[in-house]
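Commentary on secondary and tertiary structure
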Amino acid sequence: AQPERGVSAALLQPYDLLYDSAVQAFYNSDYEKVVRDMEGALSSHREVRRTKVRCRLRCQDQFPFDEAFSDLRFFDVVLRRAACMNRCIEEKLGTQSRHKVSEDVVQDFNRRIPYNFLQMAYQKLNQPDKAAAAAHTYFQANPEHVEMGQDLEQYKDLKGIKEEHFVDQEARPHQCFFTAAGKLYDKGDYDGAIASFEEALVEYYKADEECRALCQGPQKFEDHDHLRYRYSLHELVSDHFTQVLHCEHECVRYLATRPGRLSPMENYLPLHYDYLQFAYFKVDKLEEALQCALTYLLFHEGEEFMTDNVDYYRGVLGHDGKPQEVRTRSGLERRGWFEDFASSQYYSGICVGGPLLYDSVLLVQNSAALNGRQRVLLDHVISEEECAELRHLAHTVTLAGDGYKGRMSPHTPNERFEGATVLKTLQYGYEGRVPMKSARLFYDVSERARRIVESYFQLNSTLHFSYTHLVCRTAITGQQDHRNDLSHPIHADNCLLDPDANECWKEPPAYTYRDYSALLYINGDFDGGEFIFTEMDAKTVTASVKPKCGRMVGFSSGGENPHGVKAVTSGQRCAVALWFTLDPLYRELERLQADEVIHILDTQSLWDQSLTINPKDEL
């Protein structure tokens with residue numbers, strides 16, 4: 001084997017000292033020293049990490065835990081492995097105590113703070129190409145940094161700056177290959193996607209091994225004072241390995257989380273095999289497709305849609321297969337594709353296309369016709385008479401910005417936004433400000449929509465309301481010339497859309513508990529206001545829906561369905577907006593209160609206007 005090329009222990013300076021020196025140089029306006037010491041700090045940080053990984057993996061291989069397990073043998077391996085690690089690391093880096101750094105410095109490097117200093121230093125030294133690279137690297141982990149985003153836009157306009165200058169110098173290879181593979185897959189380049197997904201898996205398992213190796217070392221013991229309480233040797237060892245196991249478990253989350261995000265990509269590792277089995281199917285490599293499908297089932301045993309896929313492959317091939325070798329067996333959620341070659345329409349493990357429940361309701365477009373997944377367009381959900389009654393109701397009960405903390409224009413200053421909830425409408429009915437029949441209609445219509453969505457997507461558990469809103473958007477006269485904004489910007493309903501990363505992050509402030517959404521339109525006599533679905537880039541429109549009375553669009557609420565509303569340029573656009581959840585813990589409180597009111601109305605026959613209920617008590 002070729003000898004490894006390492007950095008001399010005598011030359012490798014601790015990265016926290018270099019970092020501190022670079023920060024001091026920045027405040028002294030010595031930008032050349034900033035660059036020299038900050039680049040040195042980053043290099044030292046990488047070398048410390050690489051050395052720890054190499055030494056720990058080498059020592060684990062040299063001193064394995066064998067099957068002949070006993071207390072003495074266990075402690076012998078632990079001590080020999082620890083001595084091996086210490087000796088190896090100190091040969092490469094010098095005394096380990098020199099490279100211990102504070103938690104604050106560790107966090108700064110995790111947040112890529114050094115690249116912020118580098119960007120400003122390179123800018124002062126008139127090296128815009130390197131400044132752009134540093135700025136881009138920092139911004140990937142700090143997408144909320146407004147000033148850095150503005151700086152990046154300015155760099156793009158500079159002469160001589162090219163696209164290749166905007167490189168993430170801390171990019172994780174497994175995530176880069178996965179992103180590239182997804183783009184090739186979406187373009188229909190299945191051979192290219194296969195190569196990239198397979199490379200992504202190689203890099204993933206390599207990164208997983210390195211992450212777990214970094215867990216082998218001194219651990220932090222919160223709320224434990226071992227010197228004071230004199231724990232026994234067995235208790236100390238047990239506590240140590242408990243911490244190591246917890247650290248290794250967190251590697252799964254770490255590897256699936258993009259820089260700058262709080263939550264991991266859902267179903268990250270199994271998703272590789274899901275994509276691969278379909279890509280292999282598309283290029284007629286069914287042996288490999290069966291392998292990947294079986295591997296997916298190691299994560300989600302018994303998953304119906306993938307089990308169907310396995311049966312299909314076995315039937316065509318005439319024999320069984322074996323899964324690919326897998327080193328970790330953790331997964332998060334599910335995803336499917338069976339609609340692409342089966343007569344039924346499948347996606348996300350759910351067969352869609354169930355009964356519409358009402359004779360008048362007409363299926364206009366399914367997911368395929370809308371160029372997406374878990375989407376549906378229906379007509380005649382409500383009648384012309386019901387639309388007219390709801391429009392009249394909206395003109396009476398809706399208030400500016402209702403539901404958006406009183407803001408008159410929560411999405412655009414060029415339109416007036418008004419809304420009302422079910423409970424508020426029923427309260428107006430009690431007070432005699434609107435006919436109770438109309439208030440009841442709003443409640444009944446939303447329930448009708450919920451039942452249709454639940455049935456069409458064939459959900460095997462109850463769909464609950466998470467928010468119900470009667471909303472109107474009105475074009476403001478005199479503010480429509482040269483409009484280039486949207487009535488409602490492109491977004492997803494349960495995650496934060498990140499077009500640059502081609503991801504949707506399921507974390508606050510997004511309403512992460514929302515599972516399905518629907519919009520029921522009650523008029524179409526206005527200009528603009530088309531509902532649009534887009535790709536994850538928030539630009540490429542995949543489907544457009546022109547609202548009209550009784551038309552309803554329903555869809556799953558995740559990143560698979562980015563959507564928005566085009567500008568309303570004339571007139572008023574009204575609709576019943578509905579969001580649903582499968583988790584009863586997130587049921588809409590106002591809806592539960594409205595249910596009680598409706599129950600009282602039904603049981604006490606109050607339609608003769610002889611009201612005996614105090615609305616303040618019931619509402």
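Residues numbered from 1 in each chain as written. Predicted model: local features only at pLDDT ≥ 70, side-chain atom pairs only at ≥ 80, totals over all residues. Heavy atoms only, no water.

1. Quick look at the overall build of the chain
- Along its length, the chain carries 19 helices and 18 strands.
- The 619 residues of the chain split such that 49% are buried.
- Here the analysis covers contacts within the chain between residues at least 6 apart in sequence; of these, 72% occur between residues at least 24 apart.
- In the form shown here, the chain has an accessible surface area of approximately 31,300 Å², with 48% of it arising from carbon and sulfur atoms. (Helix = DSSP H or I, 4+ residues; strand = E, 2+ residues; numbered from the N terminus. Buried < 20%, exposed > 50% of the residue type's maximum accessible area, 1.4 Å probe, protein only. Contact = heavy atoms within 4.5 Å. Areas by Shrake-Rupley, 256 points an atom, 1.4 Å probe, with all protein chains shown as cover.)

2. Quick look at the sheet that holds strand E8 (residues 488-491)
- Sheet architecture is open: four strands sit in the order E8-E16-E13-E14, paired in antiparallel fashion. A strand with exactly one partner marks an edge of an open sheet, and here the two such strands are E8 and strand E14 (541-545). Each adjacent strand pair in this sheet contributes to an overall mean axis angle of 20°, direction not counted. (Pairing = 2+ DSSP bridges. Axes fitted to C-alpha atoms, helices over the stretch in contact; angles between N-to-C directions.)

3. What about the pattern of salt bridges?
- In the structure shown here, the tally under the stated rule is 25 salt bridges.
- The residue Glu47 makes a salt bridge to Arg50 at a minimum N-O spacing of 2.8 Å. Taken together, the residues Glu47 and Arg50, both in helix H2 (residues 31-62) and three residues apart, mark about one turn of the helix.
- On the basis of relative accessibility, which here comes to 37%, the residue Arg50 falls in the partly exposed class.
- The residue Arg49 makes a salt bridge to Glu210 at a minimum N-O spacing of 3.6 Å. A residue pair is termed long-range when its members are at least 10 positions apart, and Arg49 in helix H2 and Glu210 in helix H9 (residues 190-214) qualify at 161 residues.
- What makes Arg49 partly exposed here is its relative accessible area of 32%.
- What makes Glu210 partly exposed here is its relative accessible area of 22%. (Salt bridge = Lys/Arg side-chain N within 4 Å of Asp/Glu carboxyl O.)

4. Digging into the side chain of Arg258
- For Arg258, the position within the fold is in the loop between helix H11 (233-255) and helix H12 (268-282).
- Side chain to side chain, Arg258 and Thr179 meet in a polar contact 2.4 Å long.
- Once you skip the residues sitting within four places of it in the chain, Arg258 turns out to touch Gln175, Phe178, Thr179, Met265, Ala501, Glu503 and Trp505. (Polar contact = N/O pair within 3.5 Å; in protein donor to acceptor, adjacent residues only side chain to side chain.)

5. Some remarks on the packing of aromatic side chains
- As enumerated under the stated definition, the model contains 33 aromatic pairs in all.
- Cluster of aromatic residues (ring-pair linked, three or more members): Phe178, Tyr185, Tyr190, Phe197, Tyr204, Tyr205, Tyr268, Tyr275, Phe278, Phe281, Tyr312 and Tyr313.
- The aromatic ring of Phe533 is capped on one face by Arg375, whose charged end is 4.0 Å from the ring centroid.
- Positioned above the aromatic ring of Tyr428 is the side chain of Arg433, whose terminal nitrogen or guanidinium carbon lies 3.9 Å from the ring centre. (Phe/Tyr/Trp six-rings, centres within 6.5 Å; stacked < 30°, edge-to-face > 60°. Lys NZ or Arg CZ within 6 Å of the ring centre and 35° of its normal.)

6. So, the state of the cysteines
- For the structure on display, the rule yields seven disulfides.
- Each sulfur of the disulfide joining Cys55 and Cys88 lies 2.0 Å from the other. Given an S-S torsion of about -70°, the disulfide between Cys55 and Cys88 has left-handed geometry. Taken together, the residues Cys55 in helix H2 and Cys88 in helix H3 (residues 71-93) connect sequence positions 33 residues apart. Each member of the pair, Cys55 as well as Cys88, is classed as buried. (Disulfide = S-S within 2.5 Å.)

7. Some details on the confidence of the model for the chain
- Mean pLDDT over the chain works out to 84, with 87% of the residues at or above the 70 mark.
- The least confident element of the chain is strand E1 (residues 345-347), whose mean pLDDT is 34; the most confident is strand E11 (residues 516-521), at 97. (pLDDT = per-residue confidence, 0-100.)

8. Some thoughts on unusual backbone geometry
- In this structure, the amide linkage connecting Pro508 to the following residue, Pro509, adopts the cis form with an omega of 10°.
- Tracing the backbone through its elements, the reader meets Pro509 in the loop between strand E10 (503-505) and E11.
- Even without being a glycine, Arg112 presents a positive backbone phi close to 65°.
- If you trace the backbone, Arg112 turns up in the loop between helix H4 (103-110) and helix H5 (113-124).
- Residue classification places Arg112 among the buried positions, given a relative accessible area of 6%.

9. A few points about the packing of H9 against H12
- Where H9 contacts H12, the axes come no closer than 9 Å and their chain directions differ by 150°. As summarised for this structure, H9 and H12 are arranged roughly antiparallel, according to the angle between their axes. Where H9 crosses over H12, the two elements pack in a sense that is left-handed. Facing H9, whose interface residues are Tyr190, Ile194, Phe197, Glu198, Ala200, Leu201, Tyr204 and Tyr205, H12 presents Tyr268, Leu269, His272, Tyr273, Tyr275, Leu276, Phe278, Ala279, Tyr280 and Lys282. (Parallel < 35°, antiparallel > 145°, perpendicular 65-115°, else oblique. Left-handed = near helix turned anticlockwise from the far one by under 90°.)

10. As for the pairing of strand E7 (residues 464-475)
- Within E7, 11 of the 12 residues are buried, leaving the element largely enclosed by the surrounding structure.
- Both strand E6 (residues 415-420) and E7 contribute to a ladder of six bridges, which runs antiparallel. Looking at E7, one finds that Glu418 is bridged to Cys472.
- Here E7 runs beside strand E18 (residues 572-581); their pairing, made up of 10 bridges, is antiparallel. Counterpart to Phe465 in the pairing with E18 is Phe580.

11. Topic: helix H13 (residues 286-299)
- With 14 residues, H13 extends 20 Å between its outermost C-alpha atoms, agreeing within 8% with the 20 Å of an ideal straight helix rising 1.5 Å per residue.
- Counting buried residues along H13, 10 of its 14 residues qualify, which places the element largely inside the surrounding structure.
- Along H13, the positions that sit buried rather than exposed are Leu286, Ala289, Leu290, Cys292, Ala293, Leu294, Thr295, Tyr296, Leu297 and Phe299. (Expected span 1.5 Å × (residues − 1).)

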